[in-house]
Amino acid sequence: METQIGIELCTAGMAEKMTINGKCTIVAGTIMVISPMFPMWEISRSNDYQSCILLENIENIMPILAKHIPAFQQLPSMQPYMQLTHQQQLHFLQSIDRIKEKEQLLINEVHPMRRKLLTTMILLIKQETLLEYVYLFSEQLLLNHSPALPKRQVMTSFILMLNQEYSQHRTVAYYAEKQGLTPRSFADIVKEETRCTPMEWINMVTINHAKLLLRQPNIQVKQVAAKLGFPEQFTFRKYFKTHTGMSPTEYITQSR
């Protein structure tokens with residue numbers, strides 16, 4: 001499954017989320033990074049919660065970001081969310097409107113050359129918008145130049161690997177082995193760094209990706225189950241309800 005990165009702007013309501021650095025409260029005007037490097041697990045959200053999301057496949061964005069962002073070991077010091085000014089919020093929403101306008105033109109366009117031009121314009125607007133908010137977040141990195149400690153590096157490596165392999169591997173033993181640690185030592189480090197167990201993180205990441213997929217229009221639950229690596233739809237339904245308190249169908253209805 002393709003890995004996507006992007007940003008999400010809360011436009012109404014509030015939500016409680018968990019990051020590597022602890023819990024945070026998201027309110028209207030908060031913008032959040034969506035990336036394997038900065039997982040955010042949603043604990044709860046208000047009934048009036050609304051947001052606007054900009055996503056792009058990681059291979060279309062990382063070559064540009066890699067030229068400008070520092071070494072990965074500095075990134076865990078960042079908080080993956082910040083409060084925008086009213087003007088910054090309007091600018092983001094206007095960029096989203098521009099993208100939607102071009103995407104609608106692309107749907108109706110039949111000429112190959114014009115379709116290619118529209119596709120390129122959409123990608124460029126997305127890249128420009130993401131870079132603008134990377135610029136805002138970069139101030140945090142300028143204030144913290146210290147490299148991550150070994151235990152934090154283990155945690156960061158685990159989260160990055162988990163977001164890439166969660167649909168194939170959902171056992172603590174697998175990720176402990178990849179770090180060259182015993183499951184007990186690995187679990188102790190993760191718990192110390194984040195106050196959550198490795199299994200809790202595995203479930204967080206899996207459910208986050210499930211929710212993201214379920215929000216897509218016209219997608220079926222069985223398709224989501226297959227994308228997440230569940231052997232059958234029933235197993236996924238049971239897993240999702242265990243960790244969210246609602247069925248995938250109920251979540252679809254609520255989120256839309």
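See the structure above.
Residues numbered from 1 in each chain as written. Predicted model: local features only at pLDDT ≥ 70, side-chain atom pairs only at ≥ 80, totals over all residues. Heavy atoms only, no water.

Draft legend 1. Looking closely at the sheet that holds strand β2 (residues 14-19). One open sheet holds the three strands; their spatial order is β3-β2-β5, and the pairing between them is antiparallel. Pairing within the sheet leaves two strands with one partner each, and these edge strands are β3 (22-27) and β5 (41-45). Going from strand to strand, the sheet's axes swing by 25° on average, the running direction of each strand aside. Pairing of β2 with β3 involves six bridges; the strand directions are antiparallel. If you follow A15 over to β3, its bridge partner there is I26. Relative to β5, helix α7 (residues 198-214) is tilted by about 65°, and along the sheet it contacts β2 and β5. (Pairing = 2+ DSSP bridges. Helix = DSSP H or I, 4+ residues; strand = E, 2+ residues; numbered from the N terminus. Axes fitted to C-alpha atoms, helices over the stretch in contact; angles between N-to-C directions. Contact = heavy atoms within 4.5 Å.)

Draft legend 2. The arrangement of helix α4 (residues 150-165) in detail. Helix length check: α4, at 16 residues, gives a terminal C-alpha distance of 22 Å against a target of 22 Å (1.5 Å per residue), a fit within 8%. The complete set of buried residues in α4 reads R152, V154, M155, T156, F158, I159, M161, L162, N163 and E165. At its buried positions, α4 is contacted by α5 (172-178), α6 (183-194) and α7. (Expected span 1.5 Å × (residues − 1). Buried < 20%, exposed > 50% of the residue type's maximum accessible area, 1.4 Å probe, protein only.)

Draft legend 3. Quick peek at the packing of α7 against helix α9 (residues 233-244). Closest axis-to-axis distance for the α7/α9 pair is 11 Å, and the angle between their directions is 110°. In terms of their interaxial angle, α7 and α9 are classed as roughly perpendicular. Here the hand of the crossing between α7 and α9 comes out left-handed. In contact with I202, N203, T206, I207, A210, K211 and L214 of α7, α9 contributes F236, Y239, F240, H243 and T244. (Parallel < 35°, antiparallel > 145°, perpendicular 65-115°, else oblique. Left-handed = near helix turned anticlockwise from the far one by under 90°.)

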